[in-house]
Structures are given as structure tokens and as C-alpha cells.
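# Results of the structural survey
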Amino acid sequence: MRQAERKKQKDKVAIALVLCFCVIALVSIFTVKSNLDKISDNHSDVLVSEKAKTEHPNDKEKGKPNQNSKKAKDADAASAQVPIVDSLEGDKQTAPLSDFINPIKEEGAYVTNEYSMDGLIYSVTLDQYMVHCGVDIEAPADTQVVAAAPGTVTAVYRDDRYGNSVEITHESGIITIYSNLSDASMVEIGDTVKAGDVIGGVGATGLFESLEPAHLHLEMLKDGAYVNPMEYIQF
């Protein structure tokens, strides 16, 4: 019996302690919330006060024009005076030259292999896919090959890959190379040629393209790099 009474007393004490803790916790929560509300109200008052000071520094300056507004108007006026550059104008300045002519005047001539430095094309002679640094223009053997533009002959040689070749440097800085020629002895280094002057004939002297029909292998370089002749010449 005594043990049961002691247990009941302990339970009562435990319940009382729990209730006390709950009351203390509630009081603490209400106190913290009250303090946070006061801080929030004070912060809002400061922001409103600062905004008022920014908009109206003092009563004397209320009638003066807003300086920020004046600066914005000045900036708009200045930007209006800046000329607008059309991106198409820049493209026109870097557009390919148009003073190059087709180096083969034969009406039946046509391009068989196009310029392809970014992709591979099939080579009948080598039986493999490879890049192609020029264009191949097929025409009957010994068809006249002419200079595509005025310039100076800067090289005459037999290339191990593309056979008899003539190199012409033009005033624009473009270099044209005419290869697979039947004969390259019609011009010499240092000769000055005009557009349309005969410099050789269509042949089949190129080792890399020996299994293909007679054609001109034409290359063009600008600033030392290969460019697509079809962007400069209408074939």
C-alpha cells in the first residue's frame, strides 16, 4: 500500500513539473514573438524614413528638378547621337571578291569535285576518303586554262601530288594555283598576266588524281590559308 501511495505522489510531482515546463515554454514563445514584432516595426520605420529623405531632402529643394532624371535625359540624348551600324555593312566589306573569272572558257566544263576542307570526299585514284583543298573542273584534254584575274606568276613547278602547276599572286593578296596542267611552260616566274591570258592546258599529270578524266585542279589561298574558289568564281 505504501509503495502504491509513493508511486502516486511521484506521478503527481512529474505531472506538475511537466505543466510548469509547458507554462514556461509558452511564456518564452510569447515574449520572443513580441520582441520580434517590435524589431520589425522599428526596421520598417527606418526604411520609410530613409525613402522620404531620398525623395525630399528638404522642403526647399522640392521645387528643383530631379538630378537623376536630368542625367537620364542627357544619356538618352547622347545615345541618340551615336550612329547605328548595320551588321550587313560589315558583311559587305568582307564579302568575297568578284573580279575573278572562270579559268576554263569551255562551255561543257563543269565541277566534278568541290572544295572540302571541313569534310571528306571519295578519291577514285586513292580509293579512300580525304579532304580536297581545291575544285576539279573537268574539260577535254588540252582545253585552254586562263588566268582568273590580273597578277604575277610567282611559281611554275611540277607538284608530286597534282602535277604541272602554275601559281599566280594577285594584287588583292589572293593566290591562285592551277594544277594538273598538260603543259606549264607557257609562262615563267615573273610574268605579268591579265585576266583571260592563257597559262596552260587541261591535263592529267596529277598523281593523286590520275584515274580521273582530264581536269583542272584549282586552288585559292588567302592570307596563307585555303579558301573555297566557288565563293569567288562563278563556274
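This report concerns the structure included in the present document. (Residues numbered from 1 in each chain as written. Predicted model: local features only at pLDDT ≥ 70, side-chain atom pairs only at ≥ 80, totals over all residues. Heavy atoms only, no water.)

## Things to note about the pattern of salt bridges
Any two side chains of opposite charge can pair, on the condition that their charged atoms come close. Under the defined criterion, the tally for this structure stands at 2 salt bridges. Across the pair Asp 159 and Arg 161 runs a salt bridge whose closest N-O atoms are separated by 3.4 Å. Between Asp 197 and Lys 194 there is a salt bridge, and its shortest N-O distance comes to 3.7 Å. Residue classification places Asp 197 among the partly exposed positions, given a relative accessible area of 23%. (Salt bridge = Lys/Arg side-chain N within 4 Å of Asp/Glu carboxyl O. Buried < 20%, exposed > 50% of the residue type's maximum accessible area, 1.4 Å probe, protein only.)

## Description of a nonpolar patch on the surface
On the surface, a nonpolar cluster with roughly 780 Å² of combined accessible area is contributed by Met 117, Leu 120, Tyr 122, Val 124, Tyr 129, Val 131, Leu 211 and Tyr 226. Sorting the residues of the nonpolar patch by element identifies strand E2 (116–123) and strand E3 (128–132) as the ones contributing at least two each. Residue contributions to the nonpolar patch peak at 3 residues, all from E2. Relative to the helices and strands, Val 124 is located in the loop between E2 and E3. A residue is classified by how much of its surface remains accessible, and Val 124, at 45% relative accessible area, is partly exposed. (Patch = residues over 30% accessible without salt bridge, like charges linked within 9 Å, V, L, I, M, F, W, Y side chains within 5 Å. Areas by Shrake-Rupley, 256 points an atom, 1.4 Å probe, with all protein chains shown as cover. Helix = DSSP H or I, 4+ residues; strand = E, 2+ residues; numbered from the N terminus.)

## So, the nonpolar core
Ranked by size, the top nonpolar core spans 29 residues in total, and within it Ile 104, Val 145, Val 166, Ile 168, Tyr 178, Ile 199 and Leu 216 carry the most contacts. Taken together, the elements giving at least two residues each to this core come down to strand E4 (135–138), strand E7 (163–169), strand E8 (175–183), strand E10 (198–202) and strand E11 (215–222). The dominant element in this core, judged by the number of residues it contributes, is E11, at 3 residues. Filtering out sequence-adjacent residues up to four positions away, Leu 216 remains in contact with Pro 103, Ile 104, Val 135, Asp 136, Ile 137, Val 145, Tyr 178, Ser 179, Leu 181 and Val 202. (Core = buried A, V, L, I, M, F, W, Y, C linked by side-chain atoms within 4.5 Å. Contact = heavy atoms within 4.5 Å.)

## Brief notes about the packing of aromatic side chains
Tallied over the full model, the rule gives 3 aromatic pairs. Where Phe 100 meets Tyr 232, the ring centres are 6.3 Å apart and the plane angle is 80°; that geometry is what we call edge-to-face. Here the residue Phe 100 occupies a position in the loop between helix H3 (87–93) and strand E1 (110–113), and Tyr 232 occupies one in the segment after strand E12 (225–227), the gap between them amounting to 132 residues. (Phe/Tyr/Trp six-rings, centres within 6.5 Å; stacked < 30°, edge-to-face > 60°.)

## Things to note about the side chain of Glu 167
Position of Glu 167 among the secondary structure elements: in strand E7. For the buried Glu 167, no salt bridge exists, and the shortest N-O distance to an oppositely charged side chain is 10 Å, to Arg 161. There is a polar contact of 2.6 Å between the side chain of Glu 167 and the side chain of Thr 154. Other than its neighbours up to four places away in sequence, Glu 167 contacts Thr 152, Val 153, Thr 154, Ala 155, Ile 175, Thr 176 and Ile 177. (Lys, Arg positive; Asp, Glu negative; His and termini not counted. Polar contact = N/O pair within 3.5 Å; in protein donor to acceptor, adjacent residues only side chain to side chain.)

## Some words on the environment of Gln 234
Here Gln 234 lies in the segment after E12. For the pair Gln 234 and Asn 102, spaced 132 residues apart in sequence, the C-alpha separation works out to 6.4 Å.

## Things to note about empty space enclosed by the protein
If you walk through the whole model with that rule in mind, you get 1 cavity of 30 Å³ or more. Estimates place the volume of the largest cavity at around 100 Å³. What lines the largest cavity is a set of 13 residues, and nearest its centre among them are Ser 123, Met 130, His 132, Glu 209 and Glu 212. Put simply, the parts of the chain that give the lining of the largest cavity at least two residues each are E2 and E3. (1 Å grid on protein atoms, 1.4 Å probe; cavity = no way out; pocket = protein on both sides within 12 Å on 5 of 7 lines; lining within 4 Å. Points joined across faces, edges and corners; volume = space filled by probe spheres on them.)

## Quick word on the environment of Ile 168
Structurally, Ile 168 can be placed in strand E7. Looking at Ile 168, the relative accessible area reads 0%, which means it is buried. C-alpha separation for the pair Ile 168 and Ile 189, spaced 21 residues apart in sequence, amounts to 9.1 Å. The contact partners of Ile 168, leaving out residues within four places of it in the chain, are Ala 147, Gly 151, Thr 152, Val 153, Thr 154, Ile 174, Ile 175, Thr 176, Tyr 178, Val 193 and Ile 199.

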